[in-house]
Amino acid sequence: MSDLNARIEAEVPRLRRYARTLARPPISPDDLVQDCIVRALSATHPCEDGTDLRAWLFTIMHNQFVNEIRRKTRQRATALVNGDEPALVCPPAQPHRLELRDLHRALGQLSEEHRAVVLLIGLEGMSYEAAAKVLGTATGTVRSRLARGRARLRRLMGVGYEDAPTELAA
């Protein structure tokens with residue numbers, strides 16, 4: 001069992017990164033990671049040899065997140081709010097920081113399904129099959145959601161459509 005603990009501990013930085021991008025106030029990313037680890041360690045059938053531990057943990061975390069969103073919705077609480085970002089005293093001078101801020105905001109405007117797929121594949125580098133397993137969907141659904149999520153991100157960020165024709169030639 002200590003081997004499993006060490007393997008889970010090695011995945012904590014990835015879990016934190018995914019939780020920070022997935023969770024929005026009032027859901028705490030740290031709570032999401034902690035709940036994921038607690039559930040993983042208390043599982044009656046822990047991750048068996050040959051099972052992708054990372055995919056298993058991400059599945060647990062994703063399910064925790066979805067359950068928390070549903071619970072907050074039932075309580076009539078707003079789960080995805082971006083209005084509590086602090087106002088900047090002076091604008092940052094680094095363009096990369098501005099781009100990351102814009103990307104963060106654009107990711108927040110994606111639907112839960114599209115954001116999860118974009119983050120799993122784009123940020124975490126998972127394969128389509130592994131992401132499908134984490135999300136409990138078909139690989140084709142993952143590919144479709146990824147394409148739509150990326151297209152929506154491009155539109156929200158105003159990237160990649162400057163040279164695209166507005167109408168098809170007849």
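Please read these numbers as outputs of a predicted model, since none were measured by experiment.

1. Section: the overall build of the protein chain
Counting its regular elements, the protein chain contains 7 helices and 0 strands. Its helices and strands in sequence order give the protein chain the pattern α-α-α-α-α-α-α, from N to C terminus. Scored against the burial criterion, the 170 residues of the protein chain give a buried share of 33%. Put simply, the protein chain shows about 10900 Å² of open surface, and 51% of that area lies on carbon and sulfur atoms.

2. Looking at the pattern of salt bridges
Counted according to the given criterion, the structure contains 5 salt bridges. Arg17 serves as the salt-bridge partner of Glu124, at 3.1 Å between the closest nitrogen and oxygen. Note that Glu124 is positioned in the loop between α5 (112-123) and α6 (128-135) and Arg17 in helix α1 (residues 2-22), a separation of 107 residues in sequence. With relative accessibility at 31%, the residue Arg17 sits in the partly exposed group.

3. Comments concerning helix α7 (residues 139-157)
A rise of 1.5 Å per residue sets the reference length of α7, with its 19 residues, at 27 Å; its end C-alpha atoms lie 27 Å apart and thus fit the reference within 8%. All of the buried residues in α7 are Val142, Leu146, Gly149, Ala151 and Leu153. Positive backbone phi, approximately 70°, marks Gly158, located one or two places after α7.

4. Digging into the nonpolar core
Formed by 41 residues in total, the largest nonpolar core has its most connected members in Leu15, Tyr18, Leu57, Met61 and Leu120. Counting residues per element, the ones that place at least two in this core are α1, α2 (29-41), α3 (53-74), α4 (95-109), α5, α6 and α7. For this core, the leading source of residues is α3, giving 9 residues. In contact with Met61, not counting residues within four places along its chain, are Leu15, Tyr18, Ala19, Leu32, Val33 and Cys36.

5. Remarks on the packing of α5 against α6
Taken N-terminus to C-terminus, the directions of α5 and α6 make an angle of 140°; their axes are 10 Å apart at the nearest point. Here α5 lies oblique to α6, going by the angle between them. Two packed elements cross with a definite hand, and for α5 against α6 that hand is right-handed. Residues Ala116, Val117, Leu120 and Ile121 of α5 touch α6, and the partners they reach there are Tyr128, Ala131, Val134 and Leu135. The class makeup of the residues in the contact of α5 with α6 is 8 nonpolar, no polar and no charged.

6. What about the packing of aromatic side chains?
Two numbers describe a pair of aromatic rings. These are the distance of the centres and the angle of the planes. Under the defined criterion, the tally for this structure stands at 1 aromatic pair. Against the face of Phe58 rests Arg54, its NZ or CZ located 5.9 Å from the ring centre.

7. A few points about the environment of Glu9
Mapped onto the elements of the fold, Glu9 is located in helix α1. Taking the relative accessible area as the measure of exposure, Glu9 reaches 59% and is therefore exposed. Along the backbone, Glu9 and Ile37 are 28 residues apart, and their C-alpha atoms lie at a distance of 8.9 Å.

8. Things to note about the packing of α3 against α6
As a packed pair, α3 and α6 sit with axes 8 Å apart at the nearest point and diverge in direction by 40°. One way to sum up the angle between α3 and α6 is to call them oblique. Relative to α6, α3 is oriented so that their crossing is right-handed. Contact residues: Ala55, Phe58, Thr59 and His62 in α3; Lys133, Val134 and Leu135 in α6.

Calculation criteria
Residues numbered from 1 in each chain as written. Predicted model: local features only at pLDDT ≥ 70, side-chain atom pairs only at ≥ 80, totals over all residues. Heavy atoms only, no water. Helix = DSSP H or I, 4+ residues; strand = E, 2+ residues; numbered from the N terminus. Buried < 20%, exposed > 50% of the residue type's maximum accessible area, 1.4 Å probe, protein only. Areas by Shrake-Rupley, 256 points an atom, 1.4 Å probe, with all protein chains shown as cover. Salt bridge = Lys/Arg side-chain N within 4 Å of Asp/Glu carboxyl O. Expected span 1.5 Å × (residues − 1). Core = buried A, V, L, I, M, F, W, Y, C linked by side-chain atoms within 4.5 Å. Contact = heavy atoms within 4.5 Å. Axes fitted to C-alpha atoms, helices over the stretch in contact; angles between N-to-C directions. Parallel < 35°, antiparallel > 145°, perpendicular 65-115°, else oblique. Left-handed = near helix turned anticlockwise from the far one by under 90°. Nonpolar A, V, L, I, M, F, W, Y, C, P; charged D, E, K, R; others polar. Phe/Tyr/Trp six-rings, centres within 6.5 Å; stacked < 30°, edge-to-face > 60°. Lys NZ or Arg CZ within 6 Å of the ring centre and 35° of its normal.

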